[in-house]
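Now for the letters of each chain:
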Amino acid sequence: MLTPAAVVDLPTYPFGRDRYWLSRGGTGPAGLPAAGLDAVDHPLLHAAADLPGDDGLLVTGRISLATHPWLADHAVLGTVLLPGTALVEMASWSGRAVDTAHVTELVLEAPLVVPPTGGVDLRIRVGAADDDGCRPVSVHSHLDDGGDAPGTGRTWQRHATGLLAPTRPVAVTAGGAWPPADAVPIPLDTLYPHLGEQGYRYGPTFQALRAAWRSGDDLLAEVALDPDAPVDPFTLHPALLDAALHTIGADALHRATTAAAAPPPATPATTGSAGTGSGATGTGTGGDGATGSADATAGAAGPGLPFSWTGLAIQPSRARELRVRLTPTDGAIAATVTDTGGTPVASLDALVLRPISADQLDTARRAAARSLHRLDWTTPAPGTARPTRIAVLGDADGWPGVEAYRDLDDLVAAVTGGAARPDAVVAVRPGQRADEPDPARAAHLVTHETLALAQDWLTREPFAGTPLVVATRGAVAVDPTDRPADLPAAAAWGLIRSAQSENPGRFVLLDLDDDPRSTVALPAALGTGEPQLALRAGQLRVPRLVRLGPPPQRPEPDLSTGTVLVTGATGALGRLVARHLVTRHGVPHLLLVSRSGPDAPGAADLVADLTALGATAQVVAADVTDRDALAVLLDEIPADRPLVGVVHAAGVLDDGVLPALTPARFDTVLAPKVDAAWHLHELTEKLDLAAFVLFSSSAGLFGGPGQANHAAANAFLDALAHHRRARGLPATSMAWGPWANPDEPGGPQGHVDERRMTRAGFRPLGPDEGMALFSEGLRHDEPAIAPVSLDHAVLGRLGPALPRLLHGLVRVTGTASAATPGADAATALRDTLAATAEADRDRVLSDLVRTHAAAVLGYASLRDVDAEKGFVELGFDSLTAVEFRNRLAAATGLRLPSTLIYDRPTTAAMVAHLRGALLAERSTSALSVLGELNKLETAMRAIAADDTDRAAVAARLRELLSLWTYADGAADDTGAGDGNLDSASAEELFHLLDDELGTA
């Protein structure tokens, strides 16, 4: 017996959607059969396909730090590399499918970089068999950040080539006692800290070396994975084999330390045989990490990589603990591997290790630089500019063809009195002031004035559809030879960028030079619709973010000869930077400054860590906004350890949407960034510094919503860096993107903010990735850079909502997403409401409201949003309220206030407001026309009787009345349909208008 079917409501809002399939880069076989591929069971490889004619096999995979986070535990010089042990394991595994798993030879040609963002597509090709059954093998990769459209040409890099032979058993001779009686333990306690000092970061996955011994010329090792780590279906886990090779570095370090501590011999030492040491060359290696000379006088380990593998046989094993014997051969290393029960796992005839070449390092550094950007001012493509009628507030001398008004009140009064509303209103913001020569103090005054102007503008309802153009002179550096001449005005740019984010379409930024051709070109420039622009000699320039190219062939700044001052040093970022300066840049002395100083939480532990790393660190409590106190602090630096570098990482946040901000809240944020940076600049400009680094924020470039004060402060820092460089002084301002983990080290922004940034296409930076970008950024000859990790796939789907700043960097794919439906979606919503029964309209709008609320709060769907709860109760704050307002404004086409959720605090109240606004637009169009006609009447009555233009006005009125009458397809009783309009007088036309449409 059949039961009645349940009735299920279909979605009423056409732009809400959930995703149930795997995204690209995930694991799993979804869709593979349809693509002619067979799914494979391998942690790094996903699919395989037989090549026609027994030409072999093609195996594909994709890796990224998002899908394979454990790979981040293998970083060389700040860049994550896929270990060579993984390359050789994948080659052997691929050959096993065609019974050629024995690696006769595999030569590694280039390290495979795993980028901090995006992923790497892998291709392993096993070729046709020769007469002996051997097959060639090659490993290629394509670095993909999501910006490549399907079907476009790709650049593939070859990492390894070799030859596979028919699968054969592992050749391991049964051993005796483990470890042998003559085995001498090798201490491991200092190995990984030592490797870290050399630039080789092995995380928990790769710190798998549990014990090591020397037995004659052989090295023995026990390696084991973390018991809680998942069991991956490798034939031999790359981390275990890589860790076994760390034994060589441990042995070299131990012998070097022992030799250094021993008294000098009474007689010349004899030279050991070629077969002694950790290899015939006398060098040791930490796997893909550090190699070190066996000679005690050679010092610490240096970089090295596996170069070639010969005769590798693997017996697939899920063993988590292995025993390894490494034997030096003629210029190489042989190895045997068993599990703890003595069962053979792998045998290797020879592994040759080579130092990392300069070309290989450059490859890794170029990969890291994919998240390094700079601002480029480019000439936009020619387009059709809209005619623009401009009104200027204040002095309009030198502005041809514009209407000038004393101030905003004067303009409002004129428009209210019947004057035509301009298409754009220009307000010139002077930055550097005659009454305040100090740029830092002037920045406070300028931002106070600009804040008041922006807040006032947002309250002027008659101008809700008109942009305010905030104009400056010399606030931005457009060309390489250019420099900001007005640092305080640069702060105003940061403020307005944030205002633009919160209020789309309400503000435009403009920077001018003194060339009169620029003001002449202004109307056409504003007609392009660009939100930020500069005019130089009459030529339009717009800002676009671009990737930095390879760094110039110059070394990093040498910070190893003195003291580096770090401000904000006891904060999360400051502590991270301090450790990195020691471990990566060899800084011997650190002056760590913060307000709390030694009393700050974790300060003592930080000093202890830095001391253990071999540096001296002094933590000092000081207010860097106090110029005199800062001068005393710098004077006290000992002459034998002079100041060689400054890293200004101090800062505070006081976020709030634009209407909620005050001058005092600006001062709170500007002081530790702007004032302190200017003091540091003035007090050190006569010193021979190697680096002057300012920690800025991408909010200064993108204008973070709710961060107008923060954006203003950081835009000042970027301009200061340009100012210093133009004077021949070192300076690098780093406009950081968001950092991962709101508590360590990115500050108090919270998990919702992190989700919001991720949805907007910004990937939070991890500590290792961030510090790698820090070091890479110092190698570039750019005054201002932006270490920002972008998700190009997400950005490409934003469509019209993609920030103009990214138009030169991201290829837009498809249409706007549900988050930013655009004008078409707003029209579709109105059509949907018009075609929906009145009783169901509220349900349509409720789905709309809850869909966008869910997206803003990070919920999976609208069903997770309780319609009975208020928005504040659901978890909205001022920043999410702005995003919610902007989403609803885009979806409905309505202009909505930033206080929307406070004015309409529940879903029901919001639905009622939207319903009224959307449906009123369709029913009051005639009333809108009448209102405009009333204004027209007022203007016409002011025309003098002898005005020579009265005839032209009368003719135009006849045309409009004829258009109105015949649009309805009928004549009226006045004779307008009889063709008498041509002979009607102006007075008769007024009577006609009164009779037809009524008067006010």
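### A closer look at the overall build of the chain
- Secondary structure assignment for the chain yields 27 helices and 38 strands.
- Taking all 1000 residues of the chain together, 51% fall into the buried category.
- Long-range contacts, defined here as pairs at least 24 residues apart, represent 71% of the contacts in the chain between residues at least 6 apart.
- When the accessible area of the chain is evaluated, it comes to approximately 43,300 Å², of which 54% is carbon and sulfur surface.

### Quick notes on the pattern of salt bridges
- Considering all chains together, one arrives at 30 salt bridges under this definition.
- Between R544 and E530 there is a salt bridge, with the nearest N and O atoms lying 2.8 Å from each other. Remark: E530 occurs in the loop between helix 9 (522-526) and strand 28 (532-536) and R544 occurs in strand 29 (residues 539-547); sequence separation between them is 14 residues.
- Salt bridges sharing partners connect three or more residues here, namely R214, D251 and R255.

### Some remarks on the side chain of R536
- Within the secondary structure, R536 sits in strand 28.
- A polar contact of 2.7 Å, which involves the side chain of R536, links it to the side chain of D511.
- Non-local contacts of R536, meaning those with residues more than four positions away in its chain, are made with V476, V478, D482, D511, L512, D513 and S518.

### Let's talk about the nonpolar core
- One finds L44, I63, L82, M90, L106, V223 and L326 to be the most contacted residues of the largest nonpolar core, which totals 71 residues.
- Residues V646, F666, W678 and L680 belong to the second largest nonpolar core, which totals 68 residues.

### Observations concerning the packing of helix 12 (residues 627-635) against helix 13 (residues 663-684)
- Between helix 12 and helix 13, whose axes approach to 10 Å, the crossing angle comes to 45°. With respect to helix 13, the element helix 12 is oriented oblique. The handedness of the crossing between helix 12 and helix 13 is right-handed. Within the contact between the two elements, helix 12 uses R627, L630, A631 and L634 and helix 13 uses A676, H679, L680, E682, L683 and T684.
- Residues belonging to the contact of helix 12 with helix 13 are distributed by class as follows: six nonpolar, two polar and two charged.

### What about the sheet that holds strand 4 (residues 74-76)?
- Across the sheet, four strands lie side by side as 7-5-4-12; this open sheet has antiparallel pairing. For this open sheet the edge positions go to strand 7 (112-113) and strand 12 (200-202), each flanked by a neighbour on one side alone.
- Here two bridges tie strand 5 (residues 79-82) to strand 7, and the two strands are oriented antiparallel to one another. For L82, the partnering residue across the bridge sits in strand 7 and is L112.

### Quick look at unusual backbone geometry
- Each neighbour pair has its own omega, and for W178 with P179 the value is -10°, a cis peptide bond.
- Along the chain, P179 falls in the loop between strand 10 (157-165) and strand 11 (184-185).

### Looking at helix 15 (residues 708-726)
- The terminal C-alpha atoms of helix 15, which comprises 19 residues, lie 27 Å apart, in line with the 27 Å expected from a rise of 1.5 Å per residue.
- The element helix 15 is largely enclosed, with a buried count of 16 among its 19 residues.
- After helix 15 finishes, the residue G728 shows a positive phi value of roughly 80°.

### A look at the packing of aromatic side chains
- Tallied over the entire structure, the rule returns 13 aromatic pairs.
- Measuring from centroid to centroid gives 6.0 Å for W70 and F234, while their planes differ by 85°, and the two rings are edge-to-face. One end of the pair, W70, is in the loop between strand 3 (57-63) and strand 4; the other, F234, is in the loop between strand 14 (218-224) and helix 3 (238-261), and 164 residues separate them in sequence. One exposure class covers both W70 and F234, and it is buried.
- Through successive ring pairs, a cluster of aromatic residues spans F695, W736, W739 and F774.
- One residue, R724, lies across the ring of F692, its end atom 3.8 Å from the ring centre.

### Overview of helix 6 (residues 439-458)
- The end-to-end C-alpha distance of helix 6, which contains 20 residues, comes to 28 Å, matching closely the 28 Å that a straight helix rising 1.5 Å per residue would cover.
- Buried residues dominate helix 6, accounting for 14 of its 20 residues.
- Where helix 6 starts, the residue carrying a side-chain oxygen 3.0 Å from the main-chain nitrogen of A440 turns out to be D438.

### Comments concerning the pairing of strand 8 (residues 119-126)
- Counting buried positions along strand 8 yields six of eight residues, so the element is predominantly enclosed.
- Inspection of the sheet shows strand 3 paired to strand 8 by seven bridges, in the antiparallel sense. Bridge pairing in strand 8 places L58 opposite R125.

### Thoughts on the environment of D768
- Structurally, D768 can be placed in helix 17 (residues 767-778).
- Given a relative accessible area of 38%, D768 falls into the partly exposed group.

### Here's the deal with the confidence of the model for the chain
- In the predicted model, the chain carries a mean pLDDT of 80, and 78% of its residues have values of at least 70.
- This stretch, residues 11-31, has a pLDDT under 50; its non-local contacts, to residues over four places away or in other chains, come to 34 contacts.
- In this model residues 147-153 is a low-confidence stretch, pLDDT under 50, and it forms five contacts with partners more than four residues away in sequence or in other chains.

### Considerations on the side chain of S697
- Note that S697 resides in strand 34 (residues 691-697).
- Taking the relative accessible area as the measure of exposure, S697 reaches 11% and is therefore buried.
- Of note is the side chain of S697, whose polar atom sits 3.0 Å from the backbone nitrogen of A699.

### So, the pairing of strand 26 (residues 468-473)
- Counting buried positions along strand 26 gives five out of six residues, so the element sits mostly inside the fold.
- Inspection of the sheet shows strand 25 (residues 424-428) paired to strand 26 by four bridges, in the parallel sense. Looking at the pairing, V428 lines up with A471 of strand 26.
- Of the pairings in the sheet, the one linking strand 26 to strand 27 (residues 507-512) comprises six bridges and is parallel in character. By the bridge assignment for strand 27, L468 is matched with F507.

### A few points about the packing of helix 13 against helix 15
- Contact geometry for helix 13 and helix 15: axes closest at 8 Å, N-to-C directions at 15°. Relative to helix 15, the element helix 13 lies roughly parallel. Viewed along their axes, helix 13 and helix 15 form a crossing whose handedness is right-handed. Residues R665, F666, V669, L670, K673, V674, A677, W678, H681 and T684 of helix 13 touch helix 15, and the partners they reach there are A708, N709, H710, A712, A713, N714, F716, L717, L720, H723 and R724.
- Along the lines of polarity and charge, the residues of the contact of helix 13 with helix 15 split into twelve nonpolar, six polar and three charged.

### Quick look at the environment of H42
- Among the structural elements, H42 can be located in the loop between strand 1 (38-39) and strand 2 (45-50).
- Classification of H42 as buried rests on a relative accessible area of 6%.
- Excluding residues within four positions of it along the chain, H42 makes contact with E89, M90, W93, P233 and F234.
- Only 3.0 Å separates the side chain of H42 from the backbone nitrogen of L44, close enough to count as a polar contact.
- Only 3.4 Å separates the side chain of H42 from the backbone nitrogen of L45, close enough to count as a polar contact.

### Here's the deal with the environment of E883
- By the element assignment, E883 lies in helix 22 (residues 878-892).
- Taking the C-alpha atoms as reference points, E883 and H852, separated by 31 residues in sequence, lie 9.2 Å from one another.
- Contact partners of E883, with chain neighbours within four places excluded, come to R756, R759 and V856.

The rules behind these values
Residues numbered from 1 in each chain as written. Predicted model: local features only at pLDDT ≥ 70, side-chain atom pairs only at ≥ 80, totals over all residues. Heavy atoms only, no water. Helix = DSSP H or I, 4+ residues; strand = E, 2+ residues; numbered from the N terminus. Buried < 20%, exposed > 50% of the residue type's maximum accessible area, 1.4 Å probe, protein only. Contact = heavy atoms within 4.5 Å. Areas by Shrake-Rupley, 256 points an atom, 1.4 Å probe, with all protein chains shown as cover. Salt bridge = Lys/Arg side-chain N within 4 Å of Asp/Glu carboxyl O. Polar contact = N/O pair within 3.5 Å; in protein donor to acceptor, adjacent residues only side chain to side chain. Core = buried A, V, L, I, M, F, W, Y, C linked by side-chain atoms within 4.5 Å. Axes fitted to C-alpha atoms, helices over the stretch in contact; angles between N-to-C directions. Parallel < 35°, antiparallel > 145°, perpendicular 65-115°, else oblique. Left-handed = near helix turned anticlockwise from the far one by under 90°. Nonpolar A, V, L, I, M, F, W, Y, C, P; charged D, E, K, R; others polar. Pairing = 2+ DSSP bridges. Expected span 1.5 Å × (residues − 1). Phe/Tyr/Trp six-rings, centres within 6.5 Å; stacked < 30°, edge-to-face > 60°. Lys NZ or Arg CZ within 6 Å of the ring centre and 35° of its normal. pLDDT = per-residue confidence, 0-100.

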